[in-house]
Amino acid sequence: MDQPVKLFRMAEVAKCNDSKQTYIVIHNAVYDVTAFLNEHPGGEEVLLDQAGKDGTEAFEDVGHSTDARDMMKKYKIGELVEEDRVETKVKPPVNWDTDKETSSSSWKSWIIPVALGVVATILYRSYFIAQGH
Ligand code: HEM
């Protein structure tokens, strides 16, 4: 089921820089947005500005929604070859980082039992102190 990922050189992407064939690189993945130019809510000019280039920064500057990020999967045609990949200065938003989510939910998962334990101890002790009198 898993198709091998098609690899592109930046030089190949750079050739597809007009409205006839529009490739854009975002987070080291290659997108063919030719058919999307007319549909892009942000307009075709901004896409053509980034055509044949790495548009990661421009894309993240806009703060695209999760819907937009889902939508772009449809246009992904491959990834950059190892040599042409760049460490992007712009980090994807936190909700892309599943590690962070699990660590915060594991924090929440122990704080509630601990709090209940503390409350139970206080109630238990005050009950016995009350009995003692
Ligand atoms: C395959 C790639 C892309 C997809 C699927 C996409 C999708 C979208 C969508 C769905 C919106 C509506 C607002 C939202 O949901 O966030 C939007 C707005 C916008 N996009 Fe993109 N976009 C892509 C690439 C880009 C790139 C490379 C730029 C470069 C500057 C860009 C610039 C903008 C701008 C300026 C807006 C308008 C924001 C506004 O009016 O508030 N987009 N895009």
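In this report, the structure presented in the accompanying data block is examined. (Residues numbered from 1 in each chain as written. Predicted model: local features only at pLDDT ≥ 70, side-chain atom pairs only at ≥ 80, totals over all residues. Heavy atoms only, no water.)

Thoughts on the packing of aromatic side chains
In this structure the tally under the stated criterion is four aromatic pairs. Relative to Y75, the ring of F36 has its centre 4.8 Å away and its plane inclined at 40°; by these criteria the two rings are tilted. On the criterion of sequence distance, the pair formed by F36 in the loop between β4 (29–32) and α2 (44–50) and Y75 in the loop between α4 (66–72) and β5 (76–80) is long-range, its members being 39 residues apart. An identical accessibility class is assigned to F36 and Y75; each is buried. Following the ring pairs from residue to residue traces out a cluster consisting of Y124, Y127 and F128. The ring of F8 carries the charged tip of K6 above its face, separated from the ring centre by 4.4 Å. (Phe/Tyr/Trp six-rings, centres within 6.5 Å; stacked < 30°, edge-to-face > 60°. Helix = DSSP H or I, 4+ residues; strand = E, 2+ residues; numbered from the N terminus. Buried < 20%, exposed > 50% of the residue type's maximum accessible area, 1.4 Å probe, protein only. Lys NZ or Arg CZ within 6 Å of the ring centre and 35° of its normal.)

Some thoughts on the coordination of the iron atom of the ligand
Coordination sphere of the iron atom of the ligand, protein contribution only: H40 (NE2) and H64 (NE2), at 1.9 to 2.0 Å. Seen from the iron atom of the ligand, its six donor atoms lie at angles of 85 to 179°, and the figure they make is octahedral. Of this pair, H40 sits in the loop between β4 and α2 while H64 sits in the loop between α3 (56–62) and α4; the two residues are 24 residues apart in sequence, bridging distant segments of the chain. Taken as a pair, H40 and H64 share a single burial class, namely buried. (Donors = N, O, S within 2.8 Å, 3.2 Å for Na, K, Ca; no water. Tetrahedral: all angles 85-135°; square planar, octahedral: opposite > 155°, others 65-115°.)

Considering the site of the ligand
The immediate surroundings of the ligand are formed by 16 residues, with H40, P41, G42, H64 and S65 found nearest. At 2.7 Å from a nitrogen atom of the ligand is found a side-chain nitrogen or oxygen belonging to H40. Note that a nitrogen atom of the ligand is positioned 2.7 Å from one of the side-chain N or O atoms of H64. Of all elements in the fold, only α2, α3 and α4 reach the threshold of two or more residues within the shell around the ligand. When the residues that make up the shell around the ligand are grouped by side-chain class, the tally is 11 nonpolar, five polar and no charged. (Near = heavy atom within 4 Å. Polar contact = N/O pair within 3.5 Å; in protein donor to acceptor, adjacent residues only side chain to side chain. Nonpolar A, V, L, I, M, F, W, Y, C, P; charged D, E, K, R; others polar.)

Focus: the nonpolar core
Taken as a class, soluble globular proteins show a tendency for nonpolar side chains to be buried jointly. Judged by nonpolar contacts, I24, I26, A29, Y31, V33, F36, L37, L47, F59, M72 and Y75 together constitute the single largest core of 11 residues. Within the residue set of this core, elements represented by two or more residues are β3 (21–26) and β4. By size, the runner-up hydrophobic cluster in this structure holds seven residues, among which are F8, V13, V25 and L80. (Core = buried A, V, L, I, M, F, W, Y, C linked by side-chain atoms within 4.5 Å.)

Comments concerning the pattern of salt bridges
One pass over the structure, following the stated rule, counts six salt bridges. One salt bridge connects R9 with E83, and the closest N-O pair in it is separated by 3.4 Å. Residue R9 is located in the loop between β1 (7–8) and α1 (10–15), and its partner E83 is located in the loop between β5 and α5 (98–132); the two are separated by 74 residues in the primary sequence. Residue class for R9 comes out partly exposed when judged on its relative accessible area of 38%. Judged by relative accessible area, which is 57%, E83 ranks as exposed. The network of salt bridges with common partners includes R9, E83 and D84. (Salt bridge = Lys/Arg side-chain N within 4 Å of Asp/Glu carboxyl O.)

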